[in-house]
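Observations on chain architecture
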Amino acid sequence: MDDAQIVQLYWDRSEQAIPATADKYGNYCTSIAKNILVNKQDAEECVNDTYLNAWNSIPPNRPGNLSTFLGKITRNLSIKRYNRNAADKRGGGQLPVVLDEMLELVSDTDSVEQEIDRRELIFVSACRFRTGRII
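Residues numbered from 1 in each chain as written. Predicted model: local features only at pLDDT ≥ 70, side-chain atom pairs only at ≥ 80, totals over all residues. Heavy atoms only, no water.

By the naming in an unreviewed UniProt entry, the protein goes by Sigma-70 family RNA polymerase sigma factor and is assigned to Candidatus Avidehalobacter gallistercoris.

Set out below in structure tokens:
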């Protein structure tokens, strides 16, 4: 189905307009949203909102290039969603930084040699404490 037919379905208020749009431009809109949001669920919601916005705006508007029209709606919705997700009251996008810092504290990144040296140091320290002399 070409773009003119899909736009005509919107003008006729046919329910087939949404599935026809999804078939032709679903992957395109999803790739735009995923590139901005990097979250599959948020991207899917933005694509569904794109179809709703197209449904609500096409009868007064007749887009000359449907792919550009849908891409612009998807991009704007995705940017709004990204800004909302990264708002200061939701951590301001700093959660990954905090998790990386915690990973450094919690992770066991010592090599075998470092672990042997650490155990040796603990053993020597324990012997010193018990005997009160240097070994």
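On we go from here.
**Let's talk about the nonpolar core**
One finds Tyr 10, Ala 54, Ile 58, Leu 66, Phe 69 and Leu 70 to be the most contacted residues of the largest nonpolar core, which totals 21 residues. Elements with a contribution of two residues or more to this core: helix H1 (3–11), helix H2 (17–37), helix H3 (40–57) and helix H4 (66–85). No other element matches H2, which puts six residues into this core. In this view, Ile 58 contacts Val 7, Tyr 10, Trp 11, Pro 63, Leu 66 and Phe 69; residues no more than four positions away in its chain are not counted. (Core = buried A, V, L, I, M, F, W, Y, C linked by side-chain atoms within 4.5 Å. Buried < 20%, exposed > 50% of the residue type's maximum accessible area, 1.4 Å probe, protein only. Helix = DSSP H or I, 4+ residues; strand = E, 2+ residues; numbered from the N terminus. Contact = heavy atoms within 4.5 Å.)

**Re H3**
Given a rise of 1.5 Å per residue, 18 residues ought to cover 26 Å, and the 25 Å separating the end C-alpha atoms of H3 matches this to within 8%. Every buried residue of H3 is accounted for by Asp 42, Ala 43, Cys 46, Val 47, Thr 50, Tyr 51, Ala 54 and Ser 57. Structurally, the start of H3 carries an N-cap: the backbone nitrogen of Gln 41 is 3.0 Å from a side-chain oxygen of Asn 39. (Expected span 1.5 Å × (residues − 1). Polar contact = N/O pair within 3.5 Å; in protein donor to acceptor, adjacent residues only side chain to side chain.)

**Let's talk about the packing of H1 against H2**
Packing of H1 against H2 leaves a shortest axis separation of 9 Å and a crossing angle of 150°. Taken as axis vectors, H1 and H2 run roughly antiparallel relative to one another. Between H1 and H2 the crossing geometry is left-handed. Contacts between H1 and H2 involve Asp 3, Ile 6, Leu 9 and Tyr 10 on the former and, on the latter, Ala 17, Ile 18, Ala 20, Thr 21, Lys 24 and Tyr 25. Across the contact of H1 with H2, the residue classes tally to seven nonpolar, one polar and two charged. (Axes fitted to C-alpha atoms, helices over the stretch in contact; angles between N-to-C directions. Parallel < 35°, antiparallel > 145°, perpendicular 65-115°, else oblique. Left-handed = near helix turned anticlockwise from the far one by under 90°. Nonpolar A, V, L, I, M, F, W, Y, C, P; charged D, E, K, R; others polar.)

**Side note on the pattern of salt bridges**
Counted under the stated rule, the structure contains three salt bridges. Lys 24 is the partner of Asp 3 in a salt bridge, and the nearest nitrogen-oxygen pair spans 3.0 Å. Of the two residues, Asp 3 is situated in helix H1 and Lys 24 in helix H2; the sequence distance between them amounts to 21 residues. Exposure remark for Lys 24: the relative accessible area of 39% places this residue in the partly exposed category. Here Arg 81 and Glu 45 are joined by a salt bridge, their closest N and O atoms 3.0 Å apart. Taken together, the residues Arg 81 in helix H4 and Glu 45 in helix H3 connect sequence positions 36 residues apart. Overall, the relative accessible area of 10% leaves Arg 81 in the buried class. For Glu 45, a relative accessible area of 39% puts it in the partly exposed group. Connected through shared salt-bridge partners, Asp 42, Glu 45 and Arg 81 make up one network. (Salt bridge = Lys/Arg side-chain N within 4 Å of Asp/Glu carboxyl O.)

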